[in-house]
Amino acid sequence: MTMEKNSKIRIMTDIERITDMELRFDRVDEALRAVEKAVDTIIHLKEDIMKLEAYYSSDEWKKDFKSDELGLLPDNLKRGVLGEDSIWNLLERVDTVKQRMLDFVSKDGE
């Protein structure tokens, strides 16, 4: 192989590597923008999460749940928070996301 041909092959390899790294950069950049937006949103909802946690473990929730069971609430009332699985699953998802983020941060150096 001539020196000129070796140089062209090396440049093509460089271009392929740079193109590959640019694609990776763009994917990470796009994902981080989405995560940053989601983190900002969830931080602003912290008070809502805390109130849902307090409500779910309160006597008020039990009273509201009982009222629903007795048919005392209007049929058209949205009542997802009274579904034991619904609210528990939502709060569990919050905890799971928190744990996943902690795991990600703690494994940063690995």
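For the structure, check the block above.
These numbers come from a predicted model, not from an experiment. (Residues numbered from 1 in each chain as written. Predicted model: local features only at pLDDT ≥ 70, side-chain atom pairs only at ≥ 80, totals over all residues. Heavy atoms only, no water.)

1. With respect to a nonpolar patch on the surface
Quick note on the threshold: In this analysis, a patch consists of residues with relative accessible area above 30% that form no salt bridge, clustered at 9 Å for like charges and at 5 Å for the nonpolar side chains Val, Leu, Ile, Met, Phe, Trp and Tyr. To be clear on the numbers: accessible area is Shrake-Rupley with a 1.4 Å probe, and residue cover counts the displayed protein chains and nothing else. Put simply, a salt bridge is a Lys or Arg side-chain nitrogen that is within 4 Å of an Asp or Glu carboxyl oxygen. Working definition: helices are DSSP H or I runs of at least four residues, strands are E runs of at least two. Numbering for both runs from the N terminus.
Together, Val-35, Val-39, Ile-42, Ile-43, Leu-45, Val-97 and Met-101 line one region of the surface with nonpolar side chains, adding up to about 550 Å² of accessible area. Contributing elements (two or more residues each) for the nonpolar patch: α1 (3-44) and α4 (84-106). Considering every element that reaches the nonpolar patch, the biggest residue donor is α1, with four residues. Residue placement: Ile-42 occurs in helix α1.

2. A short note on the pattern of salt bridges
Put simply, the test is: Burial classes follow relative accessibility: with a 1.4 Å probe on protein chains only, a residue under 20% of its type's maximum area counts as buried, one over 50% as exposed, and anything between as partly exposed.
Under the definition given, this model contains seven salt bridges. Close ionic contact of Arg-24 with Asp-20 constitutes a salt bridge, the shortest N to O distance being 2.9 Å. Linking Arg-24 with Asp-20, this pair stays in helix α1, spanning four residues, or about one helical turn. Given a relative accessible area of 28%, Asp-20 falls into the partly exposed group. Salt-bridge contacts for Lys-51 lead to Glu-47; the nearest nitrogen and oxygen are separated by 3.6 Å.

3. Remarks on the packing of helix α2 (residues 46-56) against α4
Inclusion rule: What counts as an axis is a line fitted to C-alpha atoms, over the stretch in contact for a helix, and the angles between N-to-C directions run from 0 to 180 degrees. An angle counts as roughly parallel when it lies under 35 degrees, as roughly antiparallel when it exceeds 145, as roughly perpendicular when it falls between 65 and 115, and as oblique in every other case. Crossing chirality is assigned from the near helix's rotation relative to the far helix, an anticlockwise turn below a right angle marking it left-handed and a clockwise turn marking it right-handed. Between two residues, a contact is recorded if the distance between any of their heavy atoms is within 4.5 Å. Residue polarity is assigned by list, with Asp, Glu, Lys and Arg as charged and Ala, Val, Leu, Ile, Met, Phe, Trp, Tyr, Cys and Pro as nonpolar; anything else, Gly included, falls into the polar class.
Across the interface, α2 lies against α4 with an axial gap of 11 Å and an inter-helix angle of 140°. On the basis of the axis angle, α2 is oblique to α4. The two elements α2 and α4 cross, and the hand of that crossing is left-handed. Mapping the contact onto sequence places Ile-49, Leu-52, Glu-53, Tyr-55 and Tyr-56 in α2 and Glu-84, Ile-87, Trp-88, Leu-90, Leu-91 and Val-94 in α4. The residue makeup of the contact of α2 with α4, split by class, is nine nonpolar, no polar and two charged.

4. A closer look at the packing of aromatic side chains
For the record, the criterion: A pair of aromatic rings is counted whenever rings of Phe, Tyr or Trp (Trp by its six-membered ring) have centres within 6.5 Å, and the orientation is called stacked for planes under 30 degrees apart, edge-to-face for over 60 and tilted otherwise.
Inspection of every chain in the model, using the stated rule, returns two aromatic pairs. Considering the side-chain rings of Tyr-56 and Trp-61, the 5.1 Å spacing of their centres and the 75° angle between planes classify their relative orientation as edge-to-face. Classification of Tyr-56 as partly exposed rests on a relative accessible area of 21%. Here Trp-61 and Phe-65 contribute two aromatic rings whose centre-to-centre distance is 5.0 Å and whose plane-to-plane angle is 20°, an arrangement assigned as stacked. Here Phe-65 and Trp-61 lie together in helix α3 (residues 59-69), a separation of four residues that amounts to about one turn. An aromatic cluster is built from Tyr-56, Trp-61 and Phe-65, whose rings are joined through pairwise contacts.

By themselves, these figures tell us nothing about what the structure is for.
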